[in-house]
Amino acid sequence: MNIIDSDLFSRYDVPDTGVPIYILTHKVAPLQEAFYFVNSGMTEDARYLWFYCGFPPSGLGSYGRTLGVVDFQQDEVRHFPDTQFQSASPFVDPETGDVTWASGASLWTRGPDPDDETRRINSLPDALVGNRRVTRMATHLTRSADGKAFFIDAAFGLQWVMGALPVDGGDFELWHRFDRNYNHAQFSPTDPDVALFAQENHSDPITGLRFGIEDRMWLIERGGDPAPVFDSPTRVTHEWWDPNGKYVWCVWGNETWRTDLATRTVETIEWPVHCWHAHSTRDADYLICDSNERFYRGCPSSVHFLNRRTGKFLKVVDNPEMEGYVGANYHIDPHPRFCGAEQYVVFTTTVRGQVDLAVVKTDDLIDRTS
């Protein structure tokens, strides 16, 4: 069974372009959305597709959503209430389909089958956390290239802590401690001793004063000090690793940037629209992005595809505004990403007047831009 043949999904032909997208209309939750674009919710063989579930007004985008999974072999959708997670922390093992997420000061995992057990992988040490509440364990979990640890960018009290938490229950390894908000940390996909992270807008928890981003992208090596990616302070946003570990990507304005870490040379790729989040195929020949004209939570948005082989650009879909509590509180940006060995693009859509998980075939996008 695949997405096209599954009765769990309904085909929607986008007006004007005729691009077919497939919406998960079998509902196990009122709100069903794609993963934040840094992590894939789909296994490489495209058997399992995990997604975020929301039950408004319960929970928020920062904490309280749960996980569902599509099993294409069994043609079933399952919801697991025991997966309540922080931030966009869930990580899916690309081979097994097991999912790991953060809750409190701990990481938890379970498999995609109904009879699989939920178990705790590891926790931050009491000596580090003390009696403080961990408001964020990880922005989005990434596993080290050697498979031995997850990277942590935790927030508690008046400090923000980064380091490696072993999957075998071993001791947490502190890499650095900050006195302002840094987040979006990601292990290198090829080097277990390197991580990328971001300087974030910082709201002081005591005064309530807000401090903006001055220099966004940073790297840190195990045992070393943080270092900015660029020689001078540079404001960009929404970064991710290239799978080969030689480049880091980010967006700014109507551009996507690919930075060579060896030379710090920046390749800029222009879009005819504002670029909000983006993602690339391994060969960098195809890009996907979402866009908005004025940002606010729940704002109207759109998803776009760029075929760099032909230079052609395609609007995939327009997402209508989602007004009210749901749009404002559940981080429902489209967040498109190539998934399932790049066979598909998975994203969040509001074309039905609700928050849905959507999938489009990469080949359908290539065909329309060739």
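Here, every reference points to the structure presented above.
Attention here is on the structure that accompanies the text.

Calculation notes
- Residues numbered from 1 in each chain as written.
- Predicted model: local features only at pLDDT ≥ 70, side-chain atom pairs only at ≥ 80, totals over all residues.
- Heavy atoms only, no water.
- Helix = DSSP H or I, 4+ residues; strand = E, 2+ residues; numbered from the N terminus.
- Rg over C-alpha atoms; globule rule 2.2 N^0.38 Å.
- Buried < 20%, exposed > 50% of the residue type's maximum accessible area, 1.4 Å probe, protein only.
- Contact = heavy atoms within 4.5 Å.
- Areas by Shrake-Rupley, 256 points an atom, 1.4 Å probe, with all protein chains shown as cover.
- Lys, Arg positive; Asp, Glu negative; His and termini not counted.
- Charge placed at Lys NZ, Arg CZ, Asp CG, Glu CD.
- Polar contact = N/O pair within 3.5 Å; in protein donor to acceptor, adjacent residues only side chain to side chain.
- Pairing = 2+ DSSP bridges.
- Axes fitted to C-alpha atoms, helices over the stretch in contact; angles between N-to-C directions.
- Salt bridge = Lys/Arg side-chain N within 4 Å of Asp/Glu carboxyl O.
- Core = buried A, V, L, I, M, F, W, Y, C linked by side-chain atoms within 4.5 Å.

1. So, the overall build of the protein
From N to C terminus, the protein includes 3 helices and 31 strands. A globule of 370 residues ought to have a C-alpha radius of gyration of about 21 Å, and the protein, at 20 Å, matches this closely. Taken along the three principal axes of its C-alpha coordinates, the protein extends 55 × 50 × 40 Å. Counting over 370 residues, the protein shows a buried share of 57%. Of the contacts formed within the protein by residues at least 6 apart in sequence, a portion of 46% connects residues at least 24 apart. Carbon and sulfur atoms make up 46% of the accessible area of the protein, which amounts to about 15,300 Å² in all. Placing the 33 positive and 53 negative side-chain charges of the protein at their respective mean positions leaves the two points 2 Å apart.

2. Quick word on unusual backbone geometry
Note the cis peptide between Pro56 and Pro57, where omega equals 5°. As for its position among the elements, Pro57 is in the loop between strand 4 (48-54) and strand 5 (63-71). Although it is not a glycine, Glu342 sits at a positive phi angle of roughly 65°. When you line up the elements, Glu342 lands in the loop between strand 29 (337-339) and strand 30 (344-349).

3. A look at the environment of Arg222
As for its placement among the helices and strands, Arg222 is situated in the loop between strand 19 (217-221) and strand 20 (227-228). Distance from Arg222 to Trp175, taken between C-alpha atoms, is 6.3 Å for residues 47 residues apart in sequence. Aside from chain neighbours lying at most four places away, what touches Arg222 is Ala164, Glu173, Trp175, Pro192 and Asp193. Polar side-chain contacts of Arg222 include one of 2.4 Å to the side chain of Glu173.

4. Quick word on the sheet that holds strand 1 (residues 9-13)
Strand order in this open sheet of 5 strands is 1-2-31-30-29, and the pairing throughout is antiparallel. Where the open sheet ends on each side, the last strands, each with one partner, are strand 1 and strand 29. Taken pair by pair, the neighbouring strands of this sheet meet at an average axis angle of 35°, ignoring direction. Across 2 bridges, strand 2 (residues 20-24) lies against strand 31 (residues 356-361) in antiparallel orientation. Paired with Ile23 across the strands is Ala358, a residue of strand 31.

5. Details of the side chain of Asn183
Here Asn183 lies in strand 15 (residues 182-187). With relative accessibility at 7%, the residue Asn183 sits in the buried group. One polar contact links Asn183 to Glu200, side chain to side chain, over a distance of 3.3 Å. Not counting chain neighbours up to four residues away, the residues in contact with Asn183 comprise Arg136, Thr139, Asp153, Met162, Phe197, Ala198 and Glu200.

6. Comments concerning the pattern of salt bridges
Scanning the entire structure with this criterion turns up 21 salt bridges. Salt-bridge contacts for Arg297 lead to Asp333; the nearest nitrogen and oxygen are separated by 3.1 Å. Here the residue Arg297 occupies a position in the loop between strand 26 (286-291) and strand 27 (301-307), and Asp333 occupies one in the loop between helix 2 (324-329) and strand 29, the gap between them amounting to 36 residues. Residue class for Arg297 comes out partly exposed when judged on its relative accessible area of 36%. Residue Lys315 is joined to Asp318 by a salt bridge in which the shortest nitrogen-to-oxygen separation is 3.3 Å. Judged by relative accessible area, Lys315 falls into the partly exposed class, the value being 35%.

7. Observations concerning the sheet that holds strand 19
Read from one edge to the other, the open sheet built from 4 strands follows the order 15-16-19-20, with strand pairing classed as antiparallel. Each having just a single partner strand, strand 15 and strand 20 make up the two edges of the open sheet. In terms of strand pairing, strand 15 meets strand 16 (residues 194-199) through 4 bridges, oriented antiparallel. In the sheet register, Tyr182 faces strand 16, and the bridge partner there is Gln199.

8. A few points about the nonpolar core
Generally speaking, a soluble globular protein has its nonpolar side chains buried in company with each other. Core analysis: the largest hydrophobic core is formed by 26 residues, its most contacted members being Trp50, Tyr52 and Leu67. Residue assignment for this core shows that the elements contributing at least two residues are strand 4, strand 5, strand 6 (76-86), strand 8 (99-103), strand 22 (247-252) and strand 26. Apart from the residues within four sequence positions on either side, Trp50 is in contact with Phe35, Gly41, Leu67, Gly68, Val69, Phe80, Val92, Gly97, Val99, Gly111 and Pro112.

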